[in-house]
Amino acid sequence: MQAIRVLLVDDQPMIRTGFRLILEAEPDITVVGEASDGVTAVESARALRPDIVLMDIRMPNMDGVEATRRIAETGSPSRIVILTTFDLDAHVVDALRAGASGFLVKDGPADSLVDAIRTVAAGDAVLSPRVTHRLLDRFAHLAAPDTPDVPSRLDALTGRELDVLRALTRGLSNAEIALELGVGETTVKTHIAHILEKYGLRDRVQAVILAYDSGLVVPRGIR
């Protein structure tokens, strides 16, 4: 089995060293490079083509959100997980819209970092529970109170695809969606793939952003 190749991006050497020790203790993960700012991160991602970029947000020269945006805009196959001590709303939304496939806070347990890398490398996306709540709160403020049941922006989706998209916004797994809709898990995966393809999305987190941006789902109250 080929190891998951990771690029570490953080302006603090001790943080990078700590992440390296955690990740290289895993038999299926290898660290292929390090960067201390966003400019170097973009260059390293282009040169090394890692599977995963662990990206800090607050760095000199170029922050992690802009670096994420530039890497994503190149069509790079590298998938980006944001790591930060600042789980602020603007950072969550901006990083995900820039193309990040995950967002974790640095004070989380080591095994959550390893699990996140494996999940994102497999093509899925991750958010820490604390960040997920903040993201939903953010959209609770941004979403319009009166929106159509099916916004025109989502006309390309079938009824079943809309059902799957609504389920994704609730954080359900493929297995849970399959059970709720009475279909097979493979069928759910197919619907998700169609949603991503129709709107040029990278993963299910981007699909959730689409659902809230379009007004398909409006959170009620503050969580």
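Sequence order sets the numbering: in each chain, residues are counted from 1 along the sequence as written. Whole-chain, interface and lining totals are the exception, using all residues; otherwise, since this is a predicted model, local features are given only for residues with pLDDT of at least 70 and side-chain atom pairs are given and counted only at 80 or more. To obtain the side-chain values, all non-hydrogen atoms of the structure were used and water was disregarded.

Take the overall build of the protein chain next. In terms of helices and strands, the protein chain carries 10 helices and 6 strands. Residue burial is assigned from relative accessible area. The probe radius is 1.4 Å, only protein chains are included, and a residue is buried under 20% of its type maximum, exposed over 50%, and partly exposed in between. Out of the 223 residues belonging to the protein chain, those deemed buried represent 48%. At a minimum sequence separation of 6, the contacts of the protein chain that also span at least 24 residues come to 67%. For the accessible areas, the method is Shrake-Rupley and the probe is 1.4 Å, while residue cover comes only from the protein chains on display. Counting every atom, the protein chain has about 10,700 Å² of accessible surface; 51% of that belongs to carbon and sulfur. Each helix corresponds to a stretch of at least 4 residues labelled H or I by DSSP, and each strand to a stretch of at least 2 residues labelled E; elements are numbered beginning at the N terminus. In this description, contact between two residues means that some pair of their heavy atoms is separated by no more than 4.5 Å.

Position of T119 relative to the elements: it lies in helix 5 (residues 110-121). Between the C-alpha atoms of T119 and G102, which are 17 residues apart in sequence, the distance is 9.4 Å. Dropping the residues within four chain positions of it, T119 is found in contact with D124, A125 and V126.

Attention shifts here to the pairing of strand 5 (residues 102-105). Alternating positions in strand 5 separate into two faces, G102 and L104 on one and F103 and V105 on the other, with burial throughout. Paired strands, in this sense, are two strands between which DSSP finds at least two bridges. Where strand 4 (residues 79-84) and strand 5 come together, 4 bridges link them in parallel fashion. By the bridge assignment, T84 is partnered in strand 5 with V105.

So, on to the packing of helix 7 (residues 159-169) against helix 10 (residues 204-214). One can describe the packing of helix 7 onto helix 10 by two numbers: an axis separation of 9 Å at closest approach and a directional angle of 100°. Relative to helix 10, the element helix 7 lies roughly perpendicular. Residue-level inspection shows L165, L168 and T169 of helix 7 in contact with helix 10, the latter providing R204, A207, V208, A211 and Y212. Taken together, the residues of the contact of helix 7 with helix 10 sort by class into 6 nonpolar, 1 polar and 1 charged. With axes taken as lines fitted to C-alpha atoms, and helix axes fitted only over the stretch in contact, angles between N-to-C directions fall between 0 and 180 degrees. For this classification, under 35 degrees means roughly parallel, over 145 means roughly antiparallel, 65 to 115 means roughly perpendicular, and everything else is oblique. When residue character is reported, Ala, Val, Leu, Ile, Met, Phe, Trp, Tyr, Cys and Pro are called nonpolar, Asp, Glu, Lys and Arg charged, and the others, Gly included, polar.

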